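# Residue-level structural notes
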Amino acid sequence: MSVGTHPTFENSPPGTVLTSPPDGSAVDRATGAARRVVDALLRTDRGNANLARVAEELNSIAEHLEEHAPAVAERLIDMWNGEGVTRHDPVTGPENALAPPLVLEGLPDGSVRGTVTLTIPYQGPPGHVHGGVSALLLDHVLGVANAWGGKAGMTAQLSTRYHRPTPLFEPLTLTGKLISVDGRKITTAGDIRTADGQVCVSVEGLFVDKSVPRPR
Ligand SMILES: CCCCCCCCCCCCCC(=O)SCCNC(=O)CCNC(=O)[C@H](O)C(C)(C)COP(=O)(O)OP(=O)(O)OC[C@H]1O[C@@H](n2cnc3c(N)ncnc32)[C@H](O)[C@@H]1OP(=O)(O)O
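Here the residue numbers are simple positions, counted from 1 along each chain's written sequence. A pLDDT threshold of at least 70 governs which residues receive local features in this predicted model, and a stricter bar of 80 or more applies before side-chain atom pairs are shown or counted, although totals over entire chains, interfaces and linings include all residues. Water and hydrogen atoms were dropped before computing side-chain values, which therefore reflect all heavy atoms in the structure.

## So, the UniProt feature "domain: RHA1-ro05818 N-terminal helical" (unreviewed entry) in the chain
Keep this limit in mind: UniProt positions are given in the numbering used here, feature names are shortened, and annotations may be inferred rather than shown by experiment. A run of DSSP states H or I qualifies as a helix once it reaches four residues; a run of E qualifies as a strand once it reaches two. Both are numbered from the N-terminal end.
With numbering matched to this structure, UniProt assigns "domain: RHA1-ro05818 N-terminal helical" (unreviewed entry) to residues 18-74. Regarding residues 18-74, the helix share stands at 67% and the strand share at 0%, and the terminal C-alpha atoms are separated by 26 Å.

## Description of the nonpolar core
For the record, the criterion: As used in this record, nonpolar core signifies buried Ala, Val, Leu, Ile, Met, Phe, Trp, Tyr and Cys residues forming a set joined through side-chain atoms within 4.5 Å. Any residue under 20% of the maximum accessible area for its type is buried, any over 50% is exposed, and the rest in between are partly exposed; the area is computed with a 1.4 Å probe on protein chains only.
Of all hydrophobic cores here, the largest spans 27 residues; its most connected members are L102, V112, L118 and L174. Counting only elements with at least two residues in this core, the list comes to β2 (111-117), α4 (131-148), β4 (171-182), β5 (185-194) and β6 (199-208). Broken down by element, this core gets its largest block of residues, eight residues, from α4.

## As for the site of the ligand
Condition: The criterion for a residue being near a molecule or strand is simple. One of its heavy atoms has to lie within 4 Å of it. A 3.5 Å cut-off defines polar contacts: any pair of N or O atoms within that distance qualifies, except that in protein one atom must be a possible hydrogen donor and the other a possible acceptor, and neighbouring residues in sequence count only when both atoms are side-chain atoms. For every accessible area listed, the method is Shrake-Rupley and the probe measures 1.4 Å; residues are considered covered only by the protein chains on display. Put simply, Ala, Val, Leu, Ile, Met, Phe, Trp, Tyr, Cys and Pro go in the nonpolar bin, Asp, Glu, Lys and Arg in the charged bin, and everything else, Gly too, in the polar bin.
Taken together, 18 residues lie around the ligand, and T155, A156, Q157, R184 and K185 are the ones closest in. The side chain of D139 places a nitrogen or oxygen atom 3.4 Å from an oxygen atom of the ligand. For the ligand, a nitrogen atom lies 3.1 Å from a polar atom in the backbone of A156. In isolation the ligand has 1,300 Å² of accessible area, and contact with the protein removes 56% of it. Elements with a contribution of two residues or more to the shell around the ligand: α4, β3 (154-162) and β6. Residue classes in the shell around the ligand are distributed as nine nonpolar, five polar and four charged.

## Examining the environment of R161
Spelled out, the test is: By definition in these notes, contact holds between two residues if any of their heavy atoms fall within 4.5 Å.
Mapped onto the elements of the fold, R161 is located in strand β3. Considering only alpha carbons, one finds R161 and I186, 25 residues apart in sequence, at a separation of 19 Å. With sequence-adjacent residues up to four places away left out, R161 is seen in contact with C200, V201 and S202.

## Side note on the confidence of the model for the chain
Detailed reading of the predicted model is not advised wherever pLDDT is low. Inclusion rule: Confidence per residue, as judged by the predictor, is encoded in pLDDT with a range of 0 to 100.
Scored by pLDDT, the chain has a mean of 95; 98% of the residues are at 70 or more. Here the prediction assigns the complex a pTM of 0.96, and the interface score ipTM is 0.97.

## Regarding the side chain of H6
Looking at the secondary structure, you find H6 in the segment before α1 (26-43). Excluding residues that lie within four positions of it along the chain, H6 makes contacts with N11, E83, G84, V85 and A147.

What follows is the structure, encoded as C-alpha coordinates:
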(Lines give C-alpha, C1' and ligand atoms only; values in the text may rest on other atoms or scores of the structure.)
Protein backbone atom coordinates (compact mmCIF):
# COMPACT_ATOMS: atom_id res chain seq x y z
CA MET A 1 0.00 0.00 0.00
CA SER A 2 1.55 3.30 -1.01
CA VAL A 3 2.06 5.86 1.73
CA GLY A 4 2.22 8.57 -0.98
CA THR A 5 2.51 12.09 0.34
CA HIS A 6 0.94 11.43 3.73
CA PRO A 7 2.37 13.43 6.59
CA THR A 8 4.69 11.50 8.90
CA PHE A 9 5.87 12.28 12.41
CA GLU A 10 9.33 12.95 11.01
CA ASN A 11 8.21 15.64 8.55
CA SER A 12 5.10 17.17 10.11
CA PRO A 13 4.32 19.13 13.27
CA PRO A 14 2.76 17.41 16.29
CA GLY A 15 -1.01 17.76 16.30
CA THR A 16 -1.26 17.32 12.51
CA VAL A 17 -4.79 16.15 11.78
CA LEU A 18 -4.44 12.93 9.79
CA THR A 19 -8.07 12.31 8.88
CA SER A 20 -10.60 14.43 7.01
CA PRO A 21 -12.58 16.29 9.66
CA PRO A 22 -16.17 17.29 8.80
CA ASP A 23 -15.88 20.60 6.90
CA GLY A 24 -19.44 21.92 6.97
CA SER A 25 -19.99 21.10 3.28
CA ALA A 26 -23.50 20.12 2.20
CA VAL A 27 -22.54 16.45 1.90
CA ASP A 28 -21.01 16.44 5.39
CA ARG A 29 -24.10 18.11 6.81
CA ALA A 30 -26.37 15.61 4.99
CA THR A 31 -24.27 12.71 6.32
CA GLY A 32 -24.41 14.16 9.84
CA ALA A 33 -28.19 14.30 9.51
CA ALA A 34 -28.24 10.64 8.36
CA ARG A 35 -26.22 9.64 11.45
CA ARG A 36 -28.72 11.51 13.57
CA VAL A 37 -31.58 9.64 11.85
CA VAL A 38 -29.94 6.25 12.53
CA ASP A 39 -29.52 7.15 16.20
CA ALA A 40 -33.06 8.57 16.48
CA LEU A 41 -34.60 5.47 14.82
CA LEU A 42 -33.03 3.33 17.53
CA ARG A 43 -34.28 5.65 20.25
CA THR A 44 -37.77 6.55 19.10
CA ASP A 45 -40.85 5.03 20.73
CA ARG A 46 -41.68 1.75 18.92
CA GLY A 47 -45.32 2.88 19.04
CA ASN A 48 -44.58 6.23 17.33
CA ALA A 49 -47.66 6.61 15.12
CA ASN A 50 -45.70 8.42 12.40
CA LEU A 51 -43.20 5.64 11.64
CA ALA A 52 -44.97 4.61 8.41
CA ARG A 53 -44.70 8.20 7.14
CA VAL A 54 -41.07 8.35 8.30
CA ALA A 55 -40.34 5.23 6.19
CA GLU A 56 -41.99 6.84 3.15
CA GLU A 57 -40.05 10.08 3.54
CA LEU A 58 -36.71 8.31 4.06
CA ASN A 59 -37.34 6.15 0.97
CA SER A 60 -38.14 9.27 -1.01
CA ILE A 61 -34.83 10.85 0.10
CA ALA A 62 -32.95 7.65 -0.87
CA GLU A 63 -34.64 7.68 -4.31
CA HIS A 64 -33.58 11.29 -4.86
CA LEU A 65 -29.94 10.47 -3.95
CA GLU A 66 -29.95 7.37 -6.18
CA GLU A 67 -31.33 9.41 -9.11
CA HIS A 68 -28.31 11.69 -8.79
CA ALA A 69 -25.71 8.92 -8.39
CA PRO A 70 -23.15 8.25 -11.15
CA ALA A 71 -22.28 4.63 -12.08
CA VAL A 72 -20.54 2.83 -9.20
CA ALA A 73 -17.33 2.35 -11.23
CA GLU A 74 -17.19 6.09 -11.88
CA ARG A 75 -17.93 6.93 -8.25
CA LEU A 76 -15.16 4.56 -7.05
CA ILE A 77 -12.61 6.32 -9.28
CA ASP A 78 -13.71 9.66 -7.90
CA MET A 79 -13.53 8.38 -4.28
CA TRP A 80 -9.94 7.20 -4.67
CA ASN A 81 -8.73 10.33 -6.39
CA GLY A 82 -6.23 12.31 -4.37
CA GLU A 83 -3.63 11.47 -1.77
CA GLY A 84 -5.59 8.69 -0.08
CA VAL A 85 -6.82 10.42 3.08
CA THR A 86 -10.36 9.21 2.74
CA ARG A 87 -13.62 11.05 3.26
CA HIS A 88 -15.64 7.84 2.82
CA ASP A 89 -14.20 5.12 5.10
CA PRO A 90 -16.40 3.60 7.85
CA VAL A 91 -14.28 4.94 10.74
CA THR A 92 -13.13 8.49 10.00
CA GLY A 93 -15.07 9.35 6.84
CA PRO A 94 -17.19 12.48 7.28
CA GLU A 95 -19.11 11.38 4.15
CA ASN A 96 -19.92 7.93 5.58
CA ALA A 97 -22.89 7.81 7.95
CA LEU A 98 -21.54 4.54 9.44
CA ALA A 99 -18.42 6.37 10.68
CA PRO A 100 -18.74 8.03 14.12
CA PRO A 101 -16.60 9.84 12.60
CA LEU A 102 -13.27 9.57 14.46
CA VAL A 103 -10.76 12.40 13.97
CA LEU A 104 -7.11 11.41 14.48
CA GLU A 105 -4.07 13.55 15.13
CA GLY A 106 -0.39 12.65 15.00
CA LEU A 107 1.82 12.98 18.08
CA PRO A 108 5.58 13.63 18.15
CA ASP A 109 6.37 10.16 19.56
CA GLY A 110 5.00 8.58 16.37
CA SER A 111 1.62 7.64 17.83
CA VAL A 112 -1.81 8.77 16.68
CA ARG A 113 -4.73 9.64 18.92
CA GLY A 114 -8.40 10.50 18.70
CA THR A 115 -11.36 10.82 21.05
CA VAL A 116 -14.90 9.76 20.27
CA THR A 117 -18.17 9.15 22.10
CA LEU A 118 -20.14 6.21 20.74
CA THR A 119 -23.91 5.92 21.04
CA ILE A 120 -26.64 3.31 20.58
CA PRO A 121 -25.94 2.35 16.92
CA TYR A 122 -22.60 0.91 18.09
CA GLN A 123 -24.04 -1.10 21.00
CA GLY A 124 -23.10 -4.72 21.66
CA PRO A 125 -23.64 -5.72 25.32
CA PRO A 126 -26.23 -3.54 27.11
CA GLY A 127 -24.90 0.04 27.31
CA HIS A 128 -21.53 -0.96 25.88
CA VAL A 129 -19.68 -0.96 22.58
CA HIS A 130 -19.93 -3.96 20.22
CA GLY A 131 -16.61 -5.86 20.16
CA GLY A 132 -16.53 -5.87 16.37
CA VAL A 133 -16.93 -2.10 16.33
CA SER A 134 -13.94 -1.74 18.70
CA ALA A 135 -11.87 -3.97 16.39
CA LEU A 136 -12.98 -1.97 13.34
CA LEU A 137 -12.02 1.33 14.93
CA LEU A 138 -8.66 0.04 16.14
CA ASP A 139 -7.80 -1.62 12.81
CA HIS A 140 -8.21 1.75 11.14
CA VAL A 141 -6.34 3.62 13.89
CA LEU A 142 -3.40 1.24 13.40
CA GLY A 143 -3.52 1.83 9.64
CA VAL A 144 -3.30 5.59 10.17
CA ALA A 145 -0.51 5.04 12.75
CA ASN A 146 1.42 3.16 10.08
CA ALA A 147 1.07 6.11 7.69
CA TRP A 148 2.18 8.57 10.43
CA GLY A 149 5.14 6.23 11.01
CA GLY A 150 6.00 6.37 7.28
CA LYS A 151 4.76 2.88 6.34
CA ALA A 152 1.66 1.29 4.85
CA GLY A 153 0.28 -2.21 4.64
CA MET A 154 -2.77 -4.41 4.67
CA THR A 155 -3.96 -6.06 7.86
CA ALA A 156 -2.78 -9.68 7.97
CA GLN A 157 -3.68 -10.30 11.61
CA LEU A 158 -5.40 -8.31 14.32
CA SER A 159 -5.07 -9.75 17.80
CA THR A 160 -7.66 -8.19 20.06
CA ARG A 161 -7.92 -8.35 23.84
CA TYR A 162 -11.10 -7.15 25.53
CA HIS A 163 -10.08 -6.14 29.06
CA ARG A 164 -13.40 -4.72 30.26
CA PRO A 165 -16.68 -3.67 28.66
CA THR A 166 -16.25 -0.44 26.67
CA PRO A 167 -18.86 2.14 27.68
CA LEU A 168 -21.19 3.97 25.31
CA PHE A 169 -22.02 7.68 25.93
CA GLU A 170 -18.56 8.50 27.37
CA PRO A 171 -15.50 9.94 25.65
CA LEU A 172 -13.11 7.17 24.62
CA THR A 173 -9.53 7.77 23.57
CA LEU A 174 -8.09 5.59 20.82
CA THR A 175 -4.36 5.44 20.18
CA GLY A 176 -2.09 3.52 17.85
CA LYS A 177 1.63 3.34 17.21
CA LEU A 178 3.91 1.56 14.79
CA ILE A 179 6.15 -0.67 16.89
CA SER A 180 8.51 -2.41 14.47
CA VAL A 181 9.24 -3.18 10.83
CA ASP A 182 10.74 -6.46 9.61
CA GLY A 183 11.02 -6.48 5.83
CA ARG A 184 7.43 -6.23 4.52
CA LYS A 185 5.97 -6.98 7.96
CA ILE A 186 4.85 -4.10 10.15
CA THR A 187 3.78 -4.56 13.76
CA THR A 188 1.50 -1.91 15.23
CA ALA A 189 -0.30 -1.68 18.58
CA GLY A 190 -3.13 0.38 19.99
CA ASP A 191 -5.88 0.62 22.54
CA ILE A 192 -9.16 2.16 23.62
CA ARG A 193 -9.28 3.85 27.01
CA THR A 194 -11.90 5.59 29.11
CA ALA A 195 -11.41 9.22 30.18
CA ASP A 196 -9.84 8.03 33.47
CA GLY A 197 -7.29 5.95 31.57
CA GLN A 198 -8.72 2.43 31.99
CA VAL A 199 -7.82 0.20 29.05
CA CYS A 200 -10.96 -1.43 27.63
CA VAL A 201 -9.53 -2.99 24.45
CA SER A 202 -5.96 -3.44 23.28
CA VAL A 203 -4.78 -4.74 19.93
CA GLU A 204 -1.64 -5.80 18.17
CA GLY A 205 -1.74 -5.89 14.40
CA LEU A 206 0.49 -7.46 11.78
CA PHE A 207 0.40 -5.52 8.52
CA VAL A 208 2.05 -6.63 5.29
CA ASP A 209 3.31 -4.07 2.80
CA LYS A 210 1.08 -4.85 -0.18
CA SER A 211 -1.34 -2.69 -2.14
CA VAL A 212 -4.63 -3.13 -3.90
CA PRO A 213 -4.64 -0.97 -7.05
CA ARG A 214 -6.86 2.06 -7.01
CA PRO A 215 -9.80 2.09 -9.43
CA ARG A 216 -9.03 4.05 -12.64
C1 LIG B 1 -1.61 10.12 7.28
C2 LIG B 1 -2.83 9.38 7.36
C3 LIG B 1 -3.31 8.82 6.06
C4 LIG B 1 -4.32 7.74 6.19
C5 LIG B 1 -3.89 6.56 5.39
C6 LIG B 1 -4.99 5.61 5.18
C7 LIG B 1 -5.11 4.69 6.35
C8 LIG B 1 -5.94 3.55 5.96
C9 LIG B 1 -6.14 2.65 7.12
C10 LIG B 1 -6.86 1.42 6.68
C11 LIG B 1 -6.73 0.39 7.73
C12 LIG B 1 -7.56 -0.81 7.41
C13 LIG B 1 -6.74 -1.86 6.73
C14 LIG B 1 -7.61 -2.91 6.13
O15 LIG B 1 -8.76 -3.02 6.38
S16 LIG B 1 -6.87 -3.96 5.01
C17 LIG B 1 -8.18 -5.09 4.63
C18 LIG B 1 -8.12 -6.35 5.45
N19 LIG B 1 -6.99 -7.13 5.05
C20 LIG B 1 -7.00 -7.85 3.95
O21 LIG B 1 -7.97 -7.92 3.22
C22 LIG B 1 -5.74 -8.60 3.64
C23 LIG B 1 -5.99 -9.85 2.84
N24 LIG B 1 -4.76 -10.62 2.76
C25 LIG B 1 -3.82 -10.30 1.83
O26 LIG B 1 -4.02 -9.47 0.96
C27 LIG B 1 -2.49 -11.01 1.95
O28 LIG B 1 -2.67 -12.29 2.47
C29 LIG B 1 -1.50 -10.24 2.86
C30 LIG B 1 -1.38 -8.77 2.39
C31 LIG B 1 -1.92 -10.24 4.32
C32 LIG B 1 -0.15 -10.91 2.75
O33 LIG B 1 0.36 -10.60 1.53
P34 LIG B 1 1.32 -11.57 0.69
O35 LIG B 1 0.51 -12.75 0.30
O36 LIG B 1 1.95 -10.76 -0.39
O37 LIG B 1 2.38 -11.91 1.80
P38 LIG B 1 3.33 -13.17 1.83
O39 LIG B 1 2.56 -14.45 1.80
O40 LIG B 1 4.39 -12.97 0.81
O41 LIG B 1 3.92 -13.00 3.30
C42 LIG B 1 4.78 -11.94 3.64
C43 LIG B 1 5.20 -12.20 5.07
O44 LIG B 1 4.06 -11.96 5.94
C45 LIG B 1 3.73 -13.15 6.65
N46 LIG B 1 2.27 -13.24 6.74
C47 LIG B 1 1.41 -13.00 5.76
N48 LIG B 1 0.14 -13.13 6.21
C49 LIG B 1 0.25 -13.47 7.51
C50 LIG B 1 -0.68 -13.74 8.52
N51 LIG B 1 -1.99 -13.68 8.30
N52 LIG B 1 -0.22 -14.03 9.73
C53 LIG B 1 1.10 -14.08 10.00
N54 LIG B 1 2.04 -13.84 9.07
C55 LIG B 1 1.61 -13.54 7.85
C56 LIG B 1 4.30 -14.30 5.84
O57 LIG B 1 4.57 -15.43 6.65
C58 LIG B 1 5.59 -13.66 5.34
O59 LIG B 1 6.54 -13.62 6.41
P60 LIG B 1 8.06 -14.01 6.16
O61 LIG B 1 8.03 -15.40 5.64
O62 LIG B 1 8.55 -13.02 5.10
O63 LIG B 1 8.73 -13.86 7.48
